[in-house]
Structure formats: C-alpha cells, structure tokens
Amino acid sequence: MTRVYVLTNHKGGVGKSTSATNIALGLAGVLRRAGAANSRILLIDTDSQGHASLVTTGRNDYGADNSLYTVLMADRASAPQVLVNCIVPSAWDDDLHVLPASPLLESAEPELIGVAGAPYRLADPLSRIANQYAAVVIDTRPSFSLMTEMGLLAATDAIVPVEPRYLETVGLMSVINRINEVREGWRHPDLRISGILVTKLDMRVRGHKHLLEELKAHSVLGKLVCGVIPANEAVSYAHQNHQSVFVYDPQAPAVDPGVPRSTAAPAG
Ligand SMILES: Nc1ncnc2c1ncn2[C@@H]1O[C@H](COP(=O)(O)OP(=O)(O)OP(=O)(O)O)[C@@H](O)[C@H]1O
Ligand SMILES: [Mg+2]
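This structure is a prediction, so every number in the text was calculated from the model and none was measured.

What is the right way to look at the nonpolar core in this model?
Burial of nonpolar side chains together is a common tendency in soluble globular proteins. Counting 54 residues, the largest nonpolar core has Leu42, Leu99, Leu126 and Ile196 as its most contacted members. Among residues more than four places away in sequence, those in contact with Ile196 are Val160, Val162, Leu172, Ile176, Leu215, Leu221, Leu224, Val225, Cys226 and Gly227. If you look at the next biggest cluster of nonpolar residues, it comprises 18 residues, including Tyr5, Ala24, Leu25 and Ala52.

What am I meant to see in the pattern of salt bridges here?
Should the charged atoms of two oppositely charged side chains come close, the side chains can pair. Taken as a whole and judged by the stated rule, the model has 14 salt bridges. As a salt-bridge pair, Asp93 and Arg32 come within 2.9 Å of each other at their nearest N and O atoms. Of the two residues, Asp93 is situated in the loop between β3 (88-89) and β4 (96-99) and Arg32 in helix α1 (residues 16-33); the sequence distance between them amounts to 61 residues. Linked through salt bridges whose partners overlap, the residues forming this network are Arg3, Asp157 and Arg192.

I would appreciate a short explanation of the sheet that holds strand β2 (residues 41-45) in the present structure.
Through backbone hydrogen bonds, the strands of a sheet pair up, either in parallel or in antiparallel fashion. Taken together, 8 strands build an open sheet; the order of strands is β3-β4-β2-β5-β1-β6-β7-β8 and the sheet is mixed. Edge positions in the open sheet fall to β3 and β8 (225-230), since each of these has one partner strand only. With 2 bridges connecting them, β3 and β4 associate as antiparallel partners. Its bridge partner lying in β4, Pro89 is registered against His97.

Would you mind showing me how to read the packing of helix α5 (residues 105-112) against helix α7 (residues 146-153) here?
To describe two helices that pack against each other, one gives the angle between their axes and the distance between the axes. Between α5 and α7, whose axes approach to 9 Å, the crossing angle comes to 85°. As judged from the angle between their axes, α5 and α7 are roughly perpendicular. Here Leu105, Ala108, Glu109 and Leu112 of α5 come into contact with α7, specifically with Leu146, Met147 and Met150. A class-by-class count of the residues in the contact of α5 with α7 yields 6 nonpolar, no polar and 1 charged.

Where do I start with the packing of aromatic side chains in this structure?
Two aromatic rings are characterised by how far apart their centres lie and by the angle between their planes. Inspection of every chain in the model, using the stated rule, returns 1 aromatic pair. Ring centres of Tyr120 and Trp186 lie 5.9 Å apart, and the angle between their planes is 70°; this geometry places the pair in the edge-to-face category. Note that Tyr120 is positioned in the loop between α5 and α6 (123-129) and Trp186 in the loop between α9 (172-185) and β7 (192-201), a separation of 66 residues in sequence. Looking at Tyr120, the relative accessible area reads 28%, which means it is partly exposed. When its relative accessible area of 32% is taken as the criterion, Trp186 is described as partly exposed.

Explanation requested: the site of ligand 1 in the structure shown.
Close contacts around ligand 1 come from 18 residues, with Lys16, Ser17, Thr18, Lys200 and Asn232 the closest. Separating an oxygen atom of ligand 1 from a backbone N or O atom of Gly15 is a distance of 2.9 Å. Take His239: an N or O atom from its side chain is 3.3 Å from an oxygen atom of ligand 1. Breaking the shell around ligand 1 down by element, the ones donating at least two residues are α1, β8 and α11 (234-240). Each residue belonging to the shell around ligand 1 can be placed in one class, and the counts come to 6 nonpolar, 9 polar and 3 charged.

About the thresholds
- Per chain, residues are indexed from 1 in the order of the written sequence.
- Note on labels: chains are lettered from A, ligands numbered from 1, in written order.
- Note on the predicted model: pLDDT of at least 70 is required for a residue's local features to be given, and 80 or more for side-chain atom pairs to be given and counted; whole-chain, interface and lining totals, by contrast, use all residues.
- Derived side-chain values reflect all non-hydrogen atoms in the structure, with water molecules and hydrogen atoms excluded from consideration.
- Only buried residues count toward a nonpolar core. Its members are Ala, Val, Leu, Ile, Met, Phe, Trp, Tyr and Cys residues joined through side-chain atoms within 4.5 Å.
- For the exposure calls, accessible area comes from a 1.4 Å probe over protein chains only, and a residue counts as buried if that area is under 20% of its type's maximum, exposed if over 50%, partly exposed in between.
- The contact criterion used throughout is that any non-hydrogen atoms of two residues lie within 4.5 Å.
- We count a salt bridge whenever a side-chain nitrogen from Lys or Arg sits within 4 Å of a carboxyl oxygen from Asp or Glu.
- What counts as a helix is a DSSP run of H or I of at least four residues, what counts as a strand is a run of E of at least two, and both are numbered from the N terminus.
- Between any two strands, pairing holds if DSSP finds at least two bridges.
- For every element, the axis is a line fit to its C-alpha atoms; helices are fit only across the contacting stretch, and the angle between N-to-C directions ranges from 0 to 180 degrees.
- When describing relative orientation, an angle under 35 degrees is termed roughly parallel and one over 145 degrees roughly antiparallel, while 65 to 115 degrees is termed roughly perpendicular and anything else oblique.
- Side-chain classes are defined by residue name, with Ala, Val, Leu, Ile, Met, Phe, Trp, Tyr, Cys and Pro counting as nonpolar, Asp, Glu, Lys and Arg as charged, and the others, Gly among them, as polar.
- Here a Phe, Tyr or Trp ring, Trp counted by its six-membered ring, pairs with any other such ring whose centre lies within 6.5 Å, and the pair is stacked when the planes are under 30 degrees apart, edge-to-face when over 60, and tilted otherwise.
- Whether a residue is near a molecule or strand depends on its heavy atoms: if one lies within 4 Å, it is near.
- Side-chain atoms alone can form a polar contact between residues adjacent in sequence; in general such a contact is a pair of N or O atoms within 3.5 Å, and within protein one must be able to donate a hydrogen while the other accepts it.

Structure (structure tokens):
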C-alpha cells in the first residue's frame, strides 16, 4: 500500500507547506539514491492559498480545468482519470509531481457540504492511482474544514507540524483528537498519527528550548515528537525563488545542531 502523508494543523503558519514540499522532495531523493524501482512522489495541495503549488511549480493560477478543484467536481467514474490529467511536473525534481490547488477550492467547500460522499472525493480517486507513486504527501489548509477532512480521509499517516510557542502547543491536543475522531468516527483505521514535527526551532531562544523539553516530557505528546526543524531565514527566500531551501542554501542545516540526533528530523 502506498503511504499517504498528510501535514495538518489548524493553526496557521506553523510550517505545513514548507514541511510537505520538502518532505516530498526529500522522499524522492532518498528513494532514488537507494535505487528504488519507483521513486516518484505525488504532492497534493488542498489549500486554496496554493502555497505548495506556487513554490514547487512556480504558478498558483490553476483553475476549473487543471487542479484539485477539477477532481472534486468530477463524477465518480471519471475522477481517477481527471486526477491523472491534472497532475503537473514540479520544477524541483523530475520525480516530484504535483496535484495543484486552486483559489476555486474556496467555493468547492460550500458547494460540497451536505453532498453524499463529498468527504471521499479525494480519497476515492487517489486510491485508484496511488500505486503509480512510491508515496503521496498532502498539504492542508489551516482549519478543520471539509477540505482538511478530505485530506485526512485520503491519508495513512498524519504529521503535525508545530512551532515551539506556548499557544501553538496548547492547541496540539485538539489536533490529535481531531485526527483520532476522523479515524474512529469515519471508520478509517488505516490513518495513524506518525508524529509531531517541531518547526522553526531556535535553540538560542530560552522559551523554544523550554517548550521542546516540556513537549518531550508530556505523557502523550512526548512519544509523538518525530523531528525538529531549525529556524532558518533562508526558507522564505527559497520560497520567493520557488526553490527548496536545500537547493537555495545547500549549507542549510536539516537538523538543529543543538538537538540530540535521536529526535532530529531527516534531511528534507
Ligand atoms: N524552518 C523555518 N525557518 C524559518 N522560517 C520558516 C521555516 N519554515 C517555514 N518558515 C516560514 O514560516 C512561514 C509559514 O510557513 P508555511 O507557509 O510552511 O506554514 P503553513 O503552516 O503552511 O502556513 P498556512 O497555515 O498559512 O498554510 C513562511 O513565511 C515560511 O517561509
Ligand atoms: Mg500552508
């Protein structure tokens, strides 16, 4: 079964899109270097802001005929083929393909709410074509919306990026509960919480260090911390150039030097 990773947190600006795009790029590179028979990765952008689409393809003007919106509006029988038709190559890596978002996704949600089977309009067609890819990575919008529910129902692994700030970590338990609700309430047992990814960590900031320690000591959340991404201003300049930070600034540390290797995130 192709693993489908969803990056989710209803809090805005915590690094969902940055993590989704770089994890997707990293997976393609790791698989290729390992000589995998298939190293193709599909990145799905479910956020109408289209940030993941913009940085990986250089465009965010996808619309009614060439985006995730098209897939959601297609009838059930043709949706898998429509999905394949809407996938575009990324500018980052030959093995990284993108199903782009569209600003039209804003109107898709009110249109689809209450429509039978609407929450499965991504999961169903994706399950038919996912085996063409080694893995799928889904970026979501900062809300508990129908679109995010669609992303969770299409996924096998939820990763929760979080900034090491008090109010951000306070909301963590509700994100975890929401994922568990989708697994139990929607009978989607394949969905598991893969981990909490601490982003933009600066070990020189006392509060960051303290919150990371608190998080790791937490009886439930502590076991879920799967990686730590250092703060690096180069990320936003890389975005401006529609590049991965690892191409824009090859010296960029993939892990925080102040964090023990056991909890440090893999490159990408
Ligand atoms: N490791 C990092 N170091 C410094 N800045 C970062 C890092 N990761 C992300 N950023 C910056 O933080 C901002 C938010 O990142 P990003 O867009 O990935 O978050 P998001 O959770 O997807 O936001 P939204 O909720 O709006 O979709 C961006 O300006 C990005 O450039
Ligand atoms: Mg985003």
